[in-house]
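So you can see what is in the structure, the chains are spelled out below.
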Amino acid sequence: MLRDITIGQHFPGDSVLHKMDPRVKLLLTIAYIVMLFVGSNPAGLAISIVFLAVLYAVAKLPLRLVARSVKPILPIILFTAVLNLFFMAGAGEPLLAWWIFKIYREGIYYAVVMAVRILCLIAGTSLLTYTTSPIVLTDAIEQLLRPLAKLHLPVHELAMMMTIALRFIPTLIEETDKIMNAQKARGAQLDSGNLRERVRALIPVLIPLFISAFRRADELAMAMECRCYHGGEGRTRLKQLHLHGSDLVIAAVAVLVFAAIGISNLFFERIG
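Reading guide: rules and limits
- Residues numbered from 1 in each chain as written.
- Predicted model: local features only at pLDDT ≥ 70, side-chain atom pairs only at ≥ 80, totals over all residues.
- Heavy atoms only, no water.
- Core = buried A, V, L, I, M, F, W, Y, C linked by side-chain atoms within 4.5 Å.
- Buried < 20%, exposed > 50% of the residue type's maximum accessible area, 1.4 Å probe, protein only.
- Helix = DSSP H or I, 4+ residues; strand = E, 2+ residues; numbered from the N terminus.
- 1 Å grid on protein atoms, 1.4 Å probe; cavity = no way out; pocket = protein on both sides within 12 Å on 5 of 7 lines; lining within 4 Å.
- Points joined across faces, edges and corners; volume = space filled by probe spheres on them.
- Polar contact = N/O pair within 3.5 Å; in protein donor to acceptor, adjacent residues only side chain to side chain.
- Salt bridge = Lys/Arg side-chain N within 4 Å of Asp/Glu carboxyl O.

### Looking at the nonpolar core
Then, number 1: Counting 31 residues, the largest nonpolar core has Leu 17, Tyr 32, Phe 51, Tyr 56, Leu 61, Leu 127 and Phe 258 as the members making the most contacts within it.
Then, number 2: If you list the elements that add at least two residues to this core, you get helix H2 (22–38), helix H3 (42–58), helix H4 (64–70), helix H6 (105–130) and helix H11 (245–271).
Then, number 3: Core analysis: the second largest hydrophobic core is formed by 6 residues, Ile 179, Met 180, Leu 190 and Val 205 among them.

### With respect to empty space enclosed by the protein
Rolling a probe over the atoms, with the probe sized like a water molecule, indicates the empty space that remains.
Then, number 1: Within this structure, the stated rule accounts for 2 cavities of 30 Å³ or more.
Then, number 2: The calculated volume of the largest cavity comes to roughly 230 Å³.
Then, number 3: Lys 25, Leu 28, Thr 29, Leu 55 and Leu 127 are, among the 16 residues lining the largest cavity, the residues nearest its centre.
Then, number 4: With 4 residues, H2 is the largest single contributor of residues to the lining of the largest cavity.

### What to know about the side chain of Thr 176
Then, number 1: Among the secondary structure elements, Thr 176 is positioned in helix H8 (residues 155–185).
Then, number 2: Residue Thr 176 is classed as buried on the basis of its relative accessible area of 13%.
Then, number 3: In terms of polar contacts, Thr 176 uses its side chain to reach the backbone carbonyl oxygen of Leu 172, at 2.7 Å.

### Some words on the pattern of salt bridges
Then, number 1: One pass over the full model with this rule turns up 3 salt bridges.
Then, number 2: For the salt bridge of Arg 23 with Asp 21, the shortest nitrogen-to-oxygen distance reads 2.8 Å.
Then, number 3: Classification of Asp 21 by relative accessible area gives buried; the value is 2%.
Then, number 4: Across the salt bridge formed by Glu 175 and Arg 216, the nearest N and O atoms sit 3.1 Å from each other. Residue Glu 175 is located in helix H8, and its partner Arg 216 is located in helix H10 (residues 203–226); the two are separated by 41 residues in the primary sequence.

As structure tokens, then:
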């Protein structure tokens with residue numbers, strides 16, 4: 001299960017999305033997330049799914065990556081869908097009633113919409129990290145947050161912290177997998193017993209994981225100090241960010257798609 005988590009991983013490539021300006025990708029990702037919550041109708045969600053599938057095809061990324069990124073959060077998706085299914089009241093008679101549970105047509109609709117929305121949310125945000133290296137993503141976040149520097153906010157340090165946290169997710173997942181395999185080799189029963197026993201069995205995993213995480217953080221801080229790191233003041237960049245014609249074309253297409261999602265939402269509100 002842990003090996004299926006791909007959050008924070010970068011898959012190098014030579015596609016248009018890989019070469020795209022990270023600032024544009026970050027802004028479009030935020031806009032895509034917003035439109036997922038705005039276009040809560042079948043047509044809007046269908047457009048979102050098709051648009052995301054086209055982007056994965058352009059990036060030359062296999063769809064199995066989407067399945068791997070979604071697999072660890074399937075329990076959360078199912079739990080959210082069940083809550084909407086049984087506790088969303090609707091007009092008219094329920095389709096199914098048993099004890100205190102009642103299933104309405106609206107409950108089924110919102111359960112499906114919420115599940116699809118979460119799937120698109122995870123797949124869309126994962127596409128950003130799949131096609132953008134952590135260093136480039138740091139530069140993009142820093143430049144987008146640069147206006148906040150006038151308020152004396154440590155923009156570079158904030159961007160560095162966010163990127164380091166994102167970068168260390170795969171490392172900590174790999175470390176957790178190694179610790180769990182080591183504990184199983186010593187006879188630990190991590191996959192058996194009731195819920196309480198499984199939670200107690202995770203204590204020998206969490207303690208060395210926290211110790212390892214703090215040790216890695218201390219080693220990283222020491223390495224940055226040895227290299228005379230003092231924040232973003234006076235620092236230069238190896239790669240300068242520049243907008244290209246292809247970035248503007250993709251941004252224009254994305255804006256048209258988002259506009260179509262918004263129009264579909266207005267259409268369904270009128271007929272509703």
